[in-house]
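# Inside the fold
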Amino acid sequence: MLRFTLICALLSALTACNLGLGQIEFYDDTPNDDDADDDDATDDDDATDDDDATDDDDATDDDDDDATDDDDATDDDDVTDDDDDATDDFDGDGYLSDVDCDDFDPTVHPGALEVACDGVDNNCDGAFLPDDLDSDGDGYSPCLGDCDDSDPTVGSHLPEIECDGIDNDCVDGDECGPGSLAVCSGAASYGGLGSGPVFGLLDLFDPVFGSGYYYEMWSVTIPSSGTVTADLVSFDFDAFVEIYDTNCTFIGSDDDSLIFLGTDASYTFTGGSPGATLYVLATSFSPGFTGSYFLDIY
């Protein structure tokens, strides 16, 4: 019995030794081919594998929707594509934008009736009717009131120069003074040359010439050869003075030469025979004005 016990103990010891030896692992310090396995930071599933930011599914891949793909602002569907407005008819006049010079106005298109003085090329031929043109280059066409488009000194924007034989302002012909011996012969006497200013009054009872210029005529005798000056001053209207010779023929006129209120007139005449009569017409620069004035002839 004792022998059997010893034998069993010996066998148990040997078995325990075998089990211990089987559990011992030996380590080789040399890295093997498996120590950087496929599951570490550089394997196929890491940040640089096929699914990382630079793979085929990133922002620059063929299927992305970024700003540079076929659907961006420069692709075939943008504002410069083949379907632009050159083939549209916005105003519905039957003419497309590529031939209609104003496709937002149905009255303007090729073949439309050209209308004078509207400033529009109605039929899109690049030309205008003669009355729309400014032939004399003064900035005004016949449509804008130029009654002589061959003369740049004539137009509705210009002042009238009385008694120059031209309708300068295109209003009512050459608005010269009365210019008839009968009118001059009925002129009021001024008195002696240099005798001092006289007081006058333009009102609705005075005669009218041209397109409504009220006037009064004065006469003065030239005592000797020399210079005669007539000054016309008014606080009520823009004074305008005219001088006529013995035959009531226009000599000259003035508007604003007298520096007083900026609206006063002065005209100087040199010559004339001693004893001859000069006629001085007092009126306003614009038609329809009345009021008081002072006339000095010296």
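This report concerns the structure included in the present document.

Calculation notes
- Sequence order sets the numbering: in each chain, residues are counted from 1 along the sequence as written.
- Local features in a predicted model are, by the rule used here, given only for residues with pLDDT of at least 70; side-chain atom pairs are given and counted only at 80 or more, and totals for whole chains, interfaces and linings are based on all residues.
- Processing note: side-chain calculations cover all non-hydrogen atoms of the structure and skip hydrogens and water entirely.
- Secondary structure elements are defined from DSSP: runs of H or I of at least 4 residues count as helices, runs of E of at least 2 residues count as strands, and each element is numbered from the N terminus.
- For accessible areas, the Shrake-Rupley method is used with a probe of radius 1.4 Å. Any residue's cover is judged against the shown protein chains and nothing else.
- Note on classification: 1.4 Å probe, protein chains only; a residue is buried when its accessible area is under 20% of the maximum for its type, exposed when over 50%, partly exposed between these limits.
- Any two residues having at least one pair of non-hydrogen atoms within 4.5 Å are treated as being in contact.
- Disulfides are defined as cysteine sulfur pairs within 2.5 Å.
- The pairing criterion is simple: DSSP has to find at least two bridges between the two strands.
- Lines are fitted to the C-alpha atoms to define the axes, a helix being fitted only along its stretch in contact, and any angle between axes, read from their N-to-C directions, falls within 0 to 180 degrees.

## Regarding the overall build of the protein
Helix and strand counts for the protein stand at two helices and 10 strands. Counted from the first residue to the last, the protein has its helices and strands arranged as α-α-β-β-β-β-β-β-β-β-β-β. Approximately 18,300 Å² of the protein is accessible, and the part contributed by carbon and sulfur atoms is 54%.

## Notes on the side chain of Asp-255
Tracing the chain through its elements places Asp-255 in the loop between strand S7 (250-254) and strand S8 (265-270). On the basis of relative accessibility, which here comes to 17%, the residue Asp-255 falls in the buried class. Discounting chain neighbours no more than four positions away, the residues touching Asp-255 are Asp-238, Ala-239, Phe-240, Thr-263, Asp-264, Ala-265 and Phe-285.

## Some details on the state of the cysteines
Disulfide: a covalent bond connecting the sulfur atoms of a pair of cysteines. Tallying each qualifying case throughout the model produces four disulfides. Bridging Cys-117 to Cys-143, the disulfide has an S-S length of 1.9 Å. In this structure, the disulfide formed by Cys-117 and Cys-143 twists by about -80° around the S-S bond and is classed as left-handed. Of this pair, Cys-117 sits in the loop between helix H1 (2-23) and helix H2 (181-185) while Cys-143 sits in the loop between H1 and H2; the two residues are 26 residues apart in sequence, bridging distant segments of the chain.

## A few points about unusual backbone geometry
One non-glycine residue with positive phi stands out, namely Cys-117, at about 65°. Cys-117 gets classed as partly exposed once you look at its relative accessible area, which sits at 44%. Backbone geometry at Cys-248 places phi at a positive 65°, although glycine is not the residue there. Mapped onto the elements of the fold, Cys-248 is located in the loop between strand S6 (239-244) and S7.

## Here's the deal with the pairing of S7
In this sheet, S7 lies alongside S6 in antiparallel orientation, the contact comprising four bridges. Considered in S7, the bridge of Ile-243 is made with Gly-252.

## What about the sheet that holds strand S10 (residues 291-297)?
Taken in spatial order, the four strands of this open sheet run S2-S10-S5-S8, and their pairing is antiparallel. Each edge of the sheet is formed by a strand with only one pairing partner; in this case those strands are strand S2 (198-202) and S8. Neighbour-to-neighbour, the strand axes of this sheet turn through a mean angle of 20°, independent of strand direction. As paired elements, strand S5 (residues 227-233) and S8 share six bridges and run antiparallel to each other. By the bridge assignment, Asp-231 is partnered in S8 with Ser-266.

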